[in-house]
Amino acid sequence: MEIRTVFHKKLKEVRNEVLAMASMVEKAIDRAVLALKQRDLKLAKQVIEDDMTINHKRFEIEEACVDLIATQQPMASDLRTIISVLSIITELERIGDHAEGIAKIVLMIGDEPPLKPLIDIPHMADKTCEMLRRSLEALTNRDADSARQIVAEDDDVDRLYNQVFRELLSFMAEDPKTITRATRLIWVAHNLERSADRVTNICERVVFIVTGVMEEIGASKY
Amino acid sequence: MENKMQTKHLDFYYGKKQVLKNVSLDMKERQITALIGPSGCGKTTLLRLLNRMNDVIPEIRLDGDVLLDGENIYAAGVDVVEVRKRVGMVFQQPNPFPKTVFENIAFGPRMMGQKNRLYLEEIVERSLKVAAIWDEVKDNLDKSGLALSGGQQQRLCIARTLAIEPEVILMDEPCSALDPISTLKIEELMQDLKKQYTIVIVTHNMQQAARVSDRTGFLLLGELVEYSETSEIFGRPRDQRTEDYITGRFG
């Protein structure tokens, strides 16, 4: 028989808010890269503006967590969930900042002619968003195995990043006039690469919720 | 760390009803062991077996051992009074004698034959100091113990237990009749006491168990489901039944 119905209802609401925040962040990444592809400055500005809402959502969830800790004395997996949510929303907020960073680069690029058709960068964005989505599914389903699997897939994003980096480097070596434009694209790729890293941190928290053990799953290769 | 007390494969029956099932529990010296579990799980019964408080109840049966420093306290020839001297108990309701503060503390040593007034004064002062109530009662030692507040009465009862110089202190819901501030004072006191004594506490208040104890045992239907470091029990219990109980998913 469920006893703490009020507390567990509130905890569920917090989890739902985290899902809502994650979907805002995913949309931000998606739109920032779309703005880059389509040179859509209006959309880029929208991403920058929307980041305020993401930041606000993070504080809202944080407050709800503090409230639950202060008033409900959560224990065991409930406690681990709340502590993990506090980390997860920080990671989400930062991924939102990376999307905002990309949008700002789009504004900087403005109407400069494109250096090259964008192929790997949209791939990186797609992969990162997919990992993010699945990490939140793993959180909902308390699925440590799939969280670990997602961390392993971060290598794909790293590979794409290295590919983009090498390619842009060769552009710059061939023609120094491309340095500014190429550097901007490297920043974009770097923002995506960092976002995927943050998804792996979210996955580590999912594993902690399920197993109670804090483990660094994907040790940094840098 | 040494085991001060242990139960080994303890089965206990009231008449035909089995209330403890194969309970093996190690209580480490100078640590606080907390026993938690729903009402009727057997935690108070287990506590009372640790100083033979259940002896007076008719139609009980006990199988298994209860060891104090490795000796079975239920072995033939063991002096019950001696066991209770070494293993003191503090109860749920503060229960001072209707006597002065001084006499409440001096009662035990007097019963054991101590007549020397100076020695008794010393023991009263020391016990009240250790129980963190000396400053509040030192000018009123001739006042009735019943005139004290509930929290003070409970600390007086702890001091009364200490006057016998026990090695183990059993506490049966020692704060359930107290206000939050008095509760916190007792909890603070327990941290001081454990430097010298081994403490076993039964509590319905899980947060209290989490705050004060070093190790926690979870009992359910007479069975010790899980026994571990307190941070493990409340942070990452291994047994689903413990998890469900402490997160309030069953009752």
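Residues numbered from 1 in each chain as written. Chains lettered and ligands numbered in written order. Predicted model: local features only at pLDDT ≥ 70, side-chain atom pairs only at ≥ 80, totals over all residues. Heavy atoms only, no water.

J.: So what exactly am I meant to see when it comes to the overall build of chain B here?
T.: A count of helices and strands for chain B gives 10 helices and 10 strands. Against the 2.2 N^0.38 benchmark of 18 Å for 251 residues, chain B shows a C-alpha radius of gyration of 18 Å, consistent with a compact globule. Each principal axis of the C-alpha atoms in chain B carries an extent, and together these give about 55 × 45 × 35 Å. When each of the 251 residues of chain B is scored for burial, the buried share is 53%. Counting contacts in chain B only where the partners sit at least 6 residues apart, residues at least 24 apart contribute 67% of the total. Looking at chain B as shown, the accessible area adds up to about 11400 Å², and 49% of this sits on carbon and sulfur atoms. The averaged location of the 36 negative side-chain charges in chain B is 2 Å from the averaged location of its 33 positive side-chain charges. (Helix = DSSP H or I, 4+ residues; strand = E, 2+ residues; numbered from the N terminus. Rg over C-alpha atoms; globule rule 2.2 N^0.38 Å. Buried < 20%, exposed > 50% of the residue type's maximum accessible area, 1.4 Å probe, protein only. Contact = heavy atoms within 4.5 Å. Areas by Shrake-Rupley, 256 points an atom, 1.4 Å probe, with all protein chains shown as cover. Lys, Arg positive; Asp, Glu negative; His and termini not counted. Charge placed at Lys NZ, Arg CZ, Asp CG, Glu CD.)

J.: Looking at this structure, I do not really get the interface of chain A and chain B. What am I missing?
T.: One frequent convention defines the size of an interface as the accessible area lost when the parts assemble. Between chain A and chain B, the residue contacts involve 13 residues of the former and 14 residues of the latter. For the pair chain A and chain B, the summed buried area comes to about 1100 Å², and 51% of that belongs to carbon and sulfur atoms. Between the two partners, chain A and chain B, sit 1 salt bridge. The residue B:Arg249 makes a salt bridge to A:Asp78 at a minimum N-O spacing of 2.9 Å. (Buried area = accessible area lost by both parts, 1.4 Å probe. Salt bridge = Lys/Arg side-chain N within 4 Å of Asp/Glu carboxyl O.)

J.: Looking at this structure, how should I read the pattern of salt bridges?
T.: Think of it this way: side chains of opposite charge can pair up when their charged atoms draw near. Residues and elements named next belong to chain A. Counted by the stated rule, this structure contains 43 salt bridges over all chains. As a salt-bridge pair, Lys9 and Glu13 come within 3.7 Å of each other at their nearest N and O atoms. A residue pair is termed a helical-turn pair when its members lie 3 or 4 positions apart in one helix, as Lys9 and Glu13 do in helix 1 (residues 5–38) at 4 residues. Glu13 sits in the partly exposed class, given a relative accessible area of 41%.

J.: What is the right way to look at the environment of B:Arg84 in this model?
T.: All names here are of chain B. Mapped onto the secondary structure, Arg84 falls in helix 2 (residues 80–86). Owing to a relative accessible area of 33%, Arg84 belongs among the partly exposed residues under this scheme. In this structure, the C-alpha to C-alpha distance between Arg84 and Gln207, residues 123 residues apart in sequence, is 29 Å. Every residue in contact with Arg84, bar those within four places of it in the chain, is listed here: Asn51, Arg52, Met53 and Asp55.

J.: Teacher, can you tell me more about the packing of aromatic side chains here?
T.: The geometry of an aromatic ring pair is captured by the separation of the ring centres together with the interplanar angle, meaning the angle of the planes. Residues and elements named next belong to chain B. Taken as a whole and judged by the stated rule, the model has 4 aromatic pairs over all chains. Between the aromatic rings of Phe12 and Tyr14, the centroid separation amounts to 5.1 Å while the plane-to-plane angle is 85 degrees, which identifies the pairing as edge-to-face. Take Phe12: its relative accessible area is 0%, and that puts it in the buried class. Its end group placed over the ring of Phe97, Arg160 keeps NZ or CZ at 4.3 Å from the ring centre. (Phe/Tyr/Trp six-rings, centres within 6.5 Å; stacked < 30°, edge-to-face > 60°. Lys NZ or Arg CZ within 6 Å of the ring centre and 35° of its normal.)

J.: Mind showing me how you'd approach the pairing of strand 8 (residues 198–202) of chain B here?
T.: Regular strands show a simple pattern: their side chains alternate between the two faces of the sheet. Residue and element names in this part refer to chain B. Most of strand 8 is tucked away, with 5 of its 5 residues classed as buried. In this structure, strand 3 (residues 32–36) lies alongside strand 8, joined through 4 bridges in parallel fashion. When the bridges of strand 8 are listed, Ile32 appears paired with Ile199. Note: strand 7 (residues 168–172) against strand 8, 5 bridges, orientation parallel. Along strand 8, the bridge assignment pairs Val168 with Thr198. (Pairing = 2+ DSSP bridges.)

J.: So what exactly am I meant to see when it comes to the sheet that holds strand 2 (residues 17–28) of chain B here?
T.: Sheet strands associate in pairs through backbone hydrogen bonding, adopting either a parallel or an antiparallel arrangement. Residue and element names in this part refer to chain B. The strand order across the open sheet formed by 4 strands is 2-1-4-5, and the pairing between neighbours is antiparallel. The open sheet terminates on both sides in strands that have one partner only, identified here as strand 2 and strand 5 (71–72). Both strand 4 (residues 60–68) and strand 5 contribute to a ladder of 2 bridges, which runs antiparallel. Opposite Leu68, over in strand 5, you have Glu71 as the bridge partner.

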